[in-house]
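Chains, contacts and geometry: an overview
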Amino acid sequence: MAATRRASSGTRLVSLAYGEGEREEALTFLGLVSLWDPPRTEVPDAVAQARAAGIRVVMITGDHPATALAIARAVGIDADGVITGDQLDGSPAGIQAAIRHTHVFARVRPEQKLALVEALQAGGDIVAMTGDGVNDAPALKRSDIGVAMGITGTDVSKEAAAITLLDDNFASIVAAVEEGRIVFANIRKYLTYLLSSNVGEILLMAAAAMAGLPLPLTAVQLLYVNLATDGLPALALAVDPPERDVMSRLPRDPRSGLFTRSLVALLLTGGAWSGMVNFSLFAWLLHSGRPLREAVTMTFVSLVLIQFIKAYNFRSDRLSVLIRPFANRWLNLAIAWELAVLAAILYVPWLQAAFATFGLTLRDWALVGT
């Protein structure tokens, strides 16, 4: 009774006894020693953040059931009840049923930890397993992402795991998940912007060729757009600040790949819009009697400005561009620098000769801007 009461407070218990020989009956009970290892203060917030991100946190331990239940409740793990290793049904179906409805398992043996991991995987879950002892090694090896403790972990657990935590802190795992989501999102922004820009340029050149018109961009202008106008904003998108709800979304389907249907639609729509607008401007300028050099220059300027607009639009495929539009200072600096270079290309004589451009008037700027 006293052991259960103390374990219910979250302490670990050690029973002390003395005697001669190896038989338990010959030992004289001395008492219980309570060991208190409180959870880190940041763990409850990390568990709540993981739950908001669609990550289910399950405790599997060899501790006393009352101790496990108390600690689970202290850190915010759903703990309506606890299942012990002796209560686990040995059949795969029984273990799967248990892991689906229970978040706390106590007095679990090493082979049962492995069976619980396999049951989660059989249900289609991606499983990250933490552990520090030799008995955790099979489950760490079998899980999709084995996480060993760098301070208290044994060499065997570190060898079996895919990741080693240097600070033995659960909050570091949640922080790594957030960082991974940010990096993945920024890779998609980077590639979506570059591919959409290339689609727009290809459509512009192809439409002019099929219409029997002169090329709307010179080779030097096209090279500049690909290397400079597209390059610097794309690099800035690779370090874009995270969206505020990045840890409030459900995990993505690992089978969905890098590009979703909505993202591909955005990519193609942006490219088609750019190609249509620039081709229409180029054809209208030639039809209205503007010299080819002026038509090419104004189409070049229009293409560059549209790429800048798309860079800001592609910061998110879910949120409006009006939400924190200038939060990426690197993108702001890249656009400012590119505008300065564009002005030099248009108004510095020796650059005009190199890029086959001319100095736009205010009326020309107004026409391109519309």
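Residues numbered from 1 in each chain as written. Predicted model: local features only at pLDDT ≥ 70, side-chain atom pairs only at ≥ 80, totals over all residues. Heavy atoms only, no water.

Next up on the list: the environment of R73. Mapping R73 onto the fold places it in helix α3 (residues 65-75). For R73, a relative accessible area of 51% puts it in the exposed group. For the pair R73 and L351, spaced 278 residues apart in the sequence, the C-alpha separation amounts to 69 Å. Contact partners of R73, with chain neighbours within four places excluded, come to A79 and D80. (Helix = DSSP H or I, 4+ residues; strand = E, 2+ residues; numbered from the N terminus. Buried < 20%, exposed > 50% of the residue type's maximum accessible area, 1.4 Å probe, protein only. Contact = heavy atoms within 4.5 Å.)

Once that is clear, we can look at the sheet that holds strand β3 (residues 59-60). Pairing in this open sheet of 3 strands is parallel, and the strands run β3-β5-β4 from one edge to the other. Lying at the two open borders of the sheet, with one neighbouring strand each, are β3 and β4 (83-84). Where β4 lies against strand β5 (residues 104-106), 2 bridges are found, and the strand directions are parallel. When the bridges of β5 are listed, T84 appears paired with A106. Across the face of the sheet, α3 comes into contact with β3, β4 and β5 while running at roughly 155° to β5. (Pairing = 2+ DSSP bridges. Axes fitted to C-alpha atoms, helices over the stretch in contact; angles between N-to-C directions.)

Before going further, it helps to spend a moment on the side chain of K113. Position of K113 among the secondary structure elements: in helix α5 (residues 110-122). With near-sequence residues (within four places) excluded, K113 lies in contact with I60, V108, M129, N135, D136 and A139.

The next subject is helix α4 (residues 92-101). Of all the positions in α4, only G94, I95, A98 and I99 are classed as buried. The arc that holds every buried residue of α4, seen down its axis, measures 130°, which confines them to one face. With respect to the buried face of α4, the exposed residues turned more than 90 degrees away are P92, A93 and H101. Tucked into the core, α4 has its buried residues touching β4, β5 and α5. (Arc of directions from axis to C-beta.)

Moving on, we come to the pairing of strand β7 (residues 145-149). The buried fraction of β7 is high, at 4 of 5 residues. In this structure, strand β6 (residues 128-131) lies alongside β7, joined through 4 bridges in parallel fashion. Opposite M129, over in β7, you have G146 as the bridge partner. In the classification by handedness, the crossover that spans β6, the intervening helix α6 (residues 137-142) and the parallel β7 is right-handed. (Right-handed = clockwise from strand over helix to strand, strands pointing away.)

Running from N to C, helix α8 (residues 170-210) and helix α12 (residues 292-313) cross one another at 155°; their axes reach a closest spacing of 10 Å. Considered as vectors, α8 and α12 are oriented roughly antiparallel to each other. Two packed elements cross with a definite hand, and for α8 against α12 that hand is right-handed. Of α12, the residues touching α8 (which contributes Y193, S196, S197, E201 and L204) are T299, L303, Q307, K310 and A311. A per-class count over the contact of α8 with α12 returns 4 nonpolar, 4 polar and 2 charged. (Parallel < 35°, antiparallel > 145°, perpendicular 65-115°, else oblique. Left-handed = near helix turned anticlockwise from the far one by under 90°. Nonpolar A, V, L, I, M, F, W, Y, C, P; charged D, E, K, R; others polar.)

None of the figures reported here should be taken as evidence of function without further support.
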